[in-house]
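Analysis of the macromolecular model
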Amino acid sequence: MHQFTIEPLFGTDHWSIAGYSIPFTNSALWMALTAGVLLLFVAGGMKRELVPGRWQMAVEGFTGFIDNLLAANIGPAGKKYVPYIFSLFMFILFANVLGLLPLMLVGVHPFTPTSHFTVTGVLAIMSFAIVLIVGFARHGLHFFSLFVPHGTPWWLLWLIPIIELISFLVRPFSLALRLFVAMMAGHVLLEVLSSFVIGSANSGPLWGSIVGIPSFLLMIAICALELLVAGIQAYVFALLTSLYLNDAENLH
């Protein structure tokens, strides 16, 4: 499980504020790299050429994708959330993909920040906080009517609001847990299969043929699946966040 270990870098394990250690870790480094790659990606697509190149088309394509997602789930009011949802989607996508790069071939140990619940939890809480702020800012105390669905029988008014409130409060936890589990499970599976390949290769040509080759082929397939999962999980996170924002914007 070394690939999931958070370690201080550059001798920063002694940094502290008010007695709390705040080292610059490998997780912080890869989040900073992810943010830097995202900034470079967006900056490269802001040329606004009359005939856009591939880079500009890629940025505009992702932006249009998020714009359509919010328009479908929220409506015209969703346009103001495009910068946040775009940044959220692209950050998760880049973090997932960068953690899958075979950088160990050049001596660099890749790290996937989204394989830690603390990172996905902060992203989920941040999105949940925006939902609460928007909901109370637009509807005031009427926002609590979200917990009483339209058409609820009067004799269930003592039970349905409790169920709806629990479901609402579980949203950030499930949002963070889904991304964390998907990325961690995929990495663990790749680690297990790679250990089979290395172990069988060291055991001789017979075991290398019986165990190593099938494991290697399966590992290639799992790598392709992980790339697909990296995109799907970023999309699901953005989709669910947009649906929660729809509850805050279009409360009935």
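Residues numbered from 1 in each chain as written. Predicted model: local features only at pLDDT ≥ 70, side-chain atom pairs only at ≥ 80, totals over all residues. Heavy atoms only, no water.

**Some remarks on the overall build of the chain**
When helices and strands are tallied, the chain shows six helices and two strands. Beginning at the N terminus, the succession of helices and strands in the chain can be written as β-β-α-α-α-α-α-α. For the chain, the spread of C-alpha atoms along the three principal axes comes to 70 × 55 × 45 Å. With the model as given, the accessible surface of the chain reaches about 14400 Å², and the carbon-plus-sulfur share is 75%. Charge separation in the chain, taken as the distance between the mean sites of 8 positive and 10 negative side-chain charges, equals 12 Å. (Helix = DSSP H or I, 4+ residues; strand = E, 2+ residues; numbered from the N terminus. Areas by Shrake-Rupley, 256 points an atom, 1.4 Å probe, with all protein chains shown as cover. Lys, Arg positive; Asp, Glu negative; His and termini not counted. Charge placed at Lys NZ, Arg CZ, Asp CG, Glu CD.)

**Some thoughts on the packing of helix α2 (residues 54–73) against helix α3 (residues 82–98)**
In contact at an axis separation of 10 Å, α2 and α3 are set at 120° when each is read in the N-to-C sense. Judged on the interaxial angle alone, α3 and α2 are oblique. The handedness of the crossing between α2 and α3 is right-handed. Mapping the contact onto sequence places F62, T63, F65, I66, D67 and L70 in α2 and V82, I85, F86, F89, M90 and L93 in α3. Looking at side-chain class alone, the contact of α2 with α3 contains ten nonpolar, one polar and one charged residues. (Axes fitted to C-alpha atoms, helices over the stretch in contact; angles between N-to-C directions. Parallel < 35°, antiparallel > 145°, perpendicular 65-115°, else oblique. Left-handed = near helix turned anticlockwise from the far one by under 90°. Contact = heavy atoms within 4.5 Å. Nonpolar A, V, L, I, M, F, W, Y, C, P; charged D, E, K, R; others polar.)

**With respect to the layout of surface pockets**
Empty space within the largest pocket amounts to approximately 670 Å³. Taken together, 23 residues form the lining of the largest pocket, with L100, L101, P102, P110 and L190 sitting closest to its centre. Those elements giving two or more residues to the lining of the largest pocket turn out to be α5 (160–202) and α6 (205–249). Looking at which element gives the most residues to the lining of the largest pocket, the answer is α5, with six residues. Residue classes in the lining of the largest pocket are distributed as 16 nonpolar, six polar and one charged. (1 Å grid on protein atoms, 1.4 Å probe; cavity = no way out; pocket = protein on both sides within 12 Å on 5 of 7 lines; lining within 4 Å. Points joined across faces, edges and corners; volume = space filled by probe spheres on them.)

Everything listed is a geometric property; what it means functionally is a separate question.
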